[in-house]
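# Tertiary structure, described
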Amino acid sequence: MSLAGMLKSVHQLNKIRLRPVLLGNIGKAYFRRHVLRKPCLRICEFSITPECQSKCEFCYASKFHRPGDSLLTLEQIESIWRQAKELGAFSSCLLGGEPLLHPQFMDIIALLEPKKHIITFTTNAIDLTESIVKEVKRLGVFLINISVNSLDPEINNRLRGYEGHLDKVMQAIELCKRHNMDVFLPIATAKSYWEETIKIVNFADENGCGVTINLLCTMGRAESWRKDMFDAEFWEELRKLYMSHPNIRSDYDVNLSMRIGCPSGHEKIHIAPFGDVTGCSMQAASFGDARREPLADIVARMRSFRHYAKHAGHCLVAVDDEYIRNYMDFAMRYSSIPYRIEDNPQYAGDAGR
C-alpha cells in the first residue's frame, strides 16, 4: 500500500497484531507480490442478497435481482472463498442489498473465519441489534460499515427511502462503540450532495469513525443521474480531501502493489448474489460464473482486460468517461445485472490485452 495508506491503517494494528494467523496471511500476500513477483488477490467481496428494506435513490444494486435463480449456497460461498484464499485473499466484506436479511448471515460470517482474516459487512443499520454485534464480535469481526448519506434527517431519509433511517444509524454507531467495534461510514455521494458528504466527514472526525466515499456510478436506480456524476478533474480534489483527513480511507490506497489506483481484477473481486464475478460491487459486467468455472480462470480473464490491465489511477465506474460509455451505459438495456461481458461488442477489442 502507499505510505499514506499504511499510516491510515495503523488504527487497526492494535487488533490485527493479536491475530498471528491473520498477520501470517497478510505477510504471505506481500511476499507473493513483492518477492515472488506474482499477482495476488487481497479482497473478495460477496453481495449475499439483493433484498433490502431501503429504496435508496441511487442504489447501484437495485438490479441484482434475478427471478428464477437461486442465491449462492453456503457450500458455494465456502468453495469460492477457498479459491480466493488460494489466490492470496485475506479479506472480505459482505454486502447486499442488506446482508443482515440473508437467513444464513451468521453462518456466512463464520465460514469466512474472521479470526484468521479481515472480515467486515456493510449494513443500513435498520436490523442491526446488540445480539448481532455481540455475535459477530465473538466470531472475530472488529469493524462494521454503517451506510449514511446526510446528517440532515429529511435529506438522508429521503435518499435512503426509509423513514427514521438516520436515527437507526446514530443508534448503531453508539451500539458498536459500546462494544469496542470500529465503525466506518460508507457514503454514496453525487455532485448535488457533496456538502452533505463533507459534513459527515467532519462528524466522523469528531466521533472516532472512519469514512469511505463512494462516488456516484450510473448503475441500478442511479442510471438517470448521469449529470450528477463527478469527473476526472474532481478526482484530484477528492485526493486532497483524503490526504487532509486521516479518517477517510479507500481501497485505492491499500494495494499490495504499493501504488494508488483501481484494484479491480488484480487485487479485488466481487461475487454477486448469483455467482457472477465482477471487479467490484459497482461494476456492471461479469467475467464469469464462479458456480460453474474455476475462480482462477475467471480472475486471469479479468487481469487481461484492457481497462483493468492499465491499473487506472482513478475509479473506473465513477470518473473514467471511456469505461462508463462502453461498459456502464451498456448495462442500462438489462433488467438484471451483472451482464455477461462477452455480450458487450466492445469487449472483443478490449479482451486479452
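The following paragraphs examine the structure supplied in this document. (Residues numbered from 1 in each chain as written. Predicted model: local features only at pLDDT ≥ 70, side-chain atom pairs only at ≥ 80, totals over all residues. Heavy atoms only, no water.)

## Overview of the overall build of the chain
Scanning the chain from terminus to terminus reveals 15 helices and 10 strands. A compact globule built from 353 residues should have a C-alpha radius of gyration of about 20 Å, and the chain, at 19 Å, falls within 12% of that. If one aligns the C-alpha atoms of the chain with their principal axes, the spans along those axes are about 50 × 50 × 45 Å. Within the chain, buried positions represent 59% of all 353 residues. Long-range contacts, defined here as pairs at least 24 residues apart, represent 72% of the contacts in the chain between residues at least 6 apart. Summed over all atoms, the accessible surface of the chain reaches about 14700 Å², with 53% contributed by carbon and sulfur. One finds the centroid of the 45 positive side-chain charges in the chain at a distance of 6 Å from the centroid of its 43 negative side-chain charges. (Helix = DSSP H or I, 4+ residues; strand = E, 2+ residues; numbered from the N terminus. Rg over C-alpha atoms; globule rule 2.2 N^0.38 Å. Buried < 20%, exposed > 50% of the residue type's maximum accessible area, 1.4 Å probe, protein only. Contact = heavy atoms within 4.5 Å. Areas by Shrake-Rupley, 256 points an atom, 1.4 Å probe, with all protein chains shown as cover. Lys, Arg positive; Asp, Glu negative; His and termini not counted. Charge placed at Lys NZ, Arg CZ, Asp CG, Glu CD.)

## Looking at the pairing of strand β7 (residues 268-271)
Looking along a regular strand, one sees side chains alternate from face to face of the sheet. Of the two faces of β7, the one holding K268 and H270 and the one holding I269 and I271 are both buried throughout. Pairing between strand β1 (residues 43-47) and β7: 4 bridges, direction parallel. Note on β7: the bridge partner recorded for F46 is I271. Bridge count between β7 and strand β8 (residues 277-278): 2 bridges; the pairing is antiparallel. Counted as the bridge partner of I271 is V277 from β8. Counted between consecutive antiparallel strands, the loop separating β7 from β8 contains 5 residues, among which G275 sits at a positive phi close to 100°. (Pairing = 2+ DSSP bridges.)

## A few points about the layout of surface pockets
Reported here for the second largest pocket is a volume of approximately 180 Å³. Together, 14 residues line the second largest pocket, and S257, R259, H266, E267 and H311 are the ones closest to its centre. Looking at the lining of the second largest pocket residue by residue, the class counts come to 6 nonpolar, 5 polar and 3 charged. (1 Å grid on protein atoms, 1.4 Å probe; cavity = no way out; pocket = protein on both sides within 12 Å on 5 of 7 lines; lining within 4 Å. Points joined across faces, edges and corners; volume = space filled by probe spheres on them. Nonpolar A, V, L, I, M, F, W, Y, C, P; charged D, E, K, R; others polar.)

## Regarding the sheet that holds β1
Pairing is mixed in the open sheet, where 8 strands are placed in the order β6-β5-β4-β3-β2-β1-β7-β8. The sheet terminates laterally at β6 (210-215) and β8, the two strands that pair on one side only. Here 3 bridges tie β1 to strand β2 (residues 91-95), and the two strands are oriented parallel to one another. Within β2, the residue paired with S47 across the bridge is L95. Sitting on the sheet, helix α4 (residues 74-86) touches β1, β2, β3 (118-123) and β7, and the angle it makes with β1 is about 165°. (Axes fitted to C-alpha atoms, helices over the stretch in contact; angles between N-to-C directions.)

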